[in-house]
Amino acid sequence: MDFKKIKLVLGREFSIRVKKKSFIITTIVTPILFAALMIVPSLIMMADLDKDVNRVMVLDDSGVVAQALESGAEIEYVIPENIDLEFAKNHLDSLGVYAVMYVSPLDTANNVTVDAYAVKQINAKVSDAIKADVNDVIERYKLQQYNIENYDRIQADLNHEVDLNTYIVGEDGQERESILGISMAISFIMGFVIYIFVTMFGNMVMTSVINEKSNKIVEVIVSSVKPFDLMIGKILGVASVALTQFFIWVVLTLAIVFGFQLAMGPELMSDPEAMEQMTQMAGMDSEQMAQIASASDSETAQVFTALKEVNFGLIIGCFLIYFVLGYLLYASLFAAIGSAVDNEADTQQLVLPVTIPLIIGLLLMLQTFQNPDGQLAFWGSIIPFTSPMVMLARVPFEGCVQTWELLLSIGLLLVTFLIAVYFSGKIYRIGILMHGTKYSWKDIWKWLKY
C-alpha cells in the first residue's frame, strides 16, 4: 500500500463531500430534528396547560354513579336537576357542556351501561376518563354491598405500589445503585446510531464508486493510483466525513437542547400562574403538588446518582471502536458491490446479502434489551457482522460482558475486516474497470480467483 496516495484520495473524498450542499444542509437540519424530538414534548405539555377542562353533564338512572363521581384533570362533572335526556342531547351548546352521559339503571349484577352524546367525536382522553371513573364507582359500590368493616381503610392499604431498587454488587462487596432504564436508553441509542451510520455511509461509498465508474473518472485515477489504495482511501475519506458530521450533530443538538432549557425552564418554573394552572389541571392542592415535587426531586437525584456510576469511558471507547470497525467492514463490502455494477438499479441483487446481516443485527439488538446475558445476545455480540450493534447493546449493562468476550469480539471483527478488505480489493481491482454487463455472484466468485 502507498500511504501517501491513500492520504491524497482520503483528502479528496473528504474535501468533495464536505463542500456539497447536501452535507451542509443535513449537518444543520439533522441536529434541529434531533433536538425537536426532545423539545417538542415539553412544548406540548406547556401548551396543554391552557386547555379548558371538559364539562360533562351526568344523567344518572342508577342512583349510584352521579353522586360518587369526582371531577378531575380532564373532566368537570355537572349534575343537573330535572333535565330530560332528549332535551340535553339537543341543547348541548346552550347548556354549555362538552357532552352528556347517560347512566343506565343497575342490572341484576349491579352493572351499568353508559352512553355519551356530543356534537363532535368525543376525544380519547375524555372517553377513557369516563370509563375509568364509572368503573371505579361501580367497583366501590359492589364491594360496599358486602358490608366489609373499615372498607375505605382496607382499600387505601391495598393501593400500594412496590418500589424496586436495583443494586450492583462489585467484587469488593460494595453496592452501587443502578437504573435499568438508563442502561436500556444508552444501549438503544448507540446500537441504532451504529445501524444508521453504517447503512448510510456504506451506501455512500457504493454510490461514489458507481458514479466515478459510470463517468469514466476512475480510469484516469487508476492510472496513477492502485485500485486497492483507491478503495482504502475512499473508505477512509467517507469515514472521516461520517465522524466529522456525527461530532457536529452531537455538539449542535446538545447546544440547542440546553439553550432551550435555559430559556424556558426557569421562566416556566418561576411563573406563578403557570404553576397554579398545572396544579389545577392535575386536580391537586399545593401540599400534594409539593409532595410530588419532592418525590420528583428524589427520583432525579437517583438518576444522577446512577449516571455517576455509569462507566462512560468504557462505553464511549467501545462505541468508537465498533463504529470504526463496523463501518470499515461494511464499507469495504459496499465498495466491492459498487465496483461490480454500472448503476444503482443493478445493486439490488448484489446488496441484499450485505444488508441482511445488518437487519439481523438490529433485530438482535432489540432482543438484547430484554436479556443481555442470553445466548442469542452473546453470539450476536461475537459474530462480526452483527457485533457492532449487539455488543454495544450489551456493554451498558454492567457485569453482562466479560473482558474476554469484549476482546474476542473486537479481535474477530478486526480479522474479519482485514479479510473483507483483501477480498473486496480483489473484486474492486477487476470490477472497477468492467462496463456494459450485469454481473452476478458467480462472476464475482471468478474475480476472487484472479
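Above this text is the structure in question.
Within every chain, residues take consecutive numbers counted from 1 along the sequence as written. Per-residue local features of the predicted model are confined to residues with pLDDT of at least 70, and side-chain atom pairs are confined, for both listing and counting, to 80 or more; whole-chain, interface and lining totals are unaffected and use all residues. Note that the side-chain values use all heavy atoms of the structure and ignore hydrogens as well as water.

Undergrad: Give me the lowdown on the overall build of the protein chain, citing residues and values where you can.
TA: To qualify as a helix, a DSSP run of H or I must reach at least 4 residues; to qualify as a strand, a run of E must reach at least 2; elements of each kind are numbered from the N terminus. Within the protein chain, the secondary structure is distributed over 18 helices and 6 strands. Partitioning the intrachain contacts of the protein chain with sequence separation of at least 6 by distance along the chain shows that 72% fall at a separation of at least 24. Note on areas: Shrake-Rupley, 1.4 Å probe, and residue coverage restricted to the protein chains presented here. When the accessible surface of the protein chain is summed, it comes to about 25,900 Å², and 62% of that surface belongs to carbon and sulfur atoms. Contact between two residues is taken to exist if any of their heavy atoms lie within 4.5 Å; hydrogens are not considered.

Undergrad: Any chance you could break down the nonpolar core for me, citing the residues and the numbers?
TA: Counting 68 residues, the largest nonpolar core has Ile235, Tyr322 and Tyr327 as its most contacted members. Secondary structure elements with two or more residues in this core: helix H1 (3-18), helix H8 (180-214), helix H10 (227-270), helix H13 (312-339), helix H14 (348-368), helix H16 (387-394), helix H17 (403-431) and helix H18 (441-448). Residue contributions to this core peak at 15 residues, all from H13. Apart from the residues within four sequence positions on either side, Tyr327 is in contact with Val198, Phe201, Gly202, Val205, Ile235, Val238, Ala239 and Tyr322. By nonpolar core we mean a set of buried residues, namely Ala, Val, Leu, Ile, Met, Phe, Trp, Tyr and Cys, connected to one another through side-chain atoms within 4.5 Å. Relative accessibility thresholds used throughout: buried, under 20% of the residue-type maximum; exposed, over 50%; partly exposed, between the two (1.4 Å probe, protein chains only). Of all hydrophobic cores here, the second largest spans 20 residues; its members include Ala66, Tyr77, Tyr98 and Ala129.

Undergrad: Please give an account of the sheet that holds strand E2 (residues 75-78) that cites residues and values.
TA: Each strand in a sheet pairs with another by means of backbone hydrogen bonds, the pair being arranged parallel or else antiparallel. Strand order across the open sheet formed by 4 strands is E2-E1-E3-E4, with mixed pairing between neighbours. Taken across any chain shown, the strands that pair with only one partner, and hence form the sheet edges, are E2 and strand E4 (114-118). Put simply, the sheet's adjacent strands are angled 25° from each other on average, direction ignored. Two strands form a pair only when DSSP identifies at least two bridges running between them. In terms of strand pairing, strand E1 (residues 54-60) meets strand E3 (residues 99-103) through 5 bridges, oriented parallel. Among the inter-strand pairings, Met57 is bridged to a residue of E3, identified as Val100. Lines fitted to C-alpha atoms define the axes, with helix axes restricted to the stretch in contact, and inter-axis angles between N-to-C directions lie between 0 and 180 degrees.

Undergrad: So what's going on with the environment of Ala242? Which residues, and what values?
TA: By the secondary structure assignment, Ala242 is in helix H10. Excluding anything up to four places from it in sequence, Ala242 contacts Phe197, Phe201 and Phe323.

Undergrad: Which residues make up H14, and what are the values?
TA: The periodicity of an α-helix, 3.6 residues per turn, causes residues three or four positions apart to be oriented the same way. Compared with an ideal rise of 1.5 Å per residue, which puts 21 residues at 30 Å, H14 spans 30 Å between its outermost C-alpha atoms and is within 8% of the ideal. Two axes enter the definition of the bend at a residue: one is fitted to the seven residues ending there, the other to the seven starting there, and the bend is the angle between them. Taking the largest bend as the criterion, H14 deviates by roughly 35°, centred on Val354, and proline Pro357 comes between one and four positions later. Regarding H14, the residues found buried are Leu350, Val351, Val354, Pro357, Leu358, Gly361, Leu362, Leu364, Met365 and Thr368. The span you would expect from a helix comes to 1.5 Å times its residue count less one.

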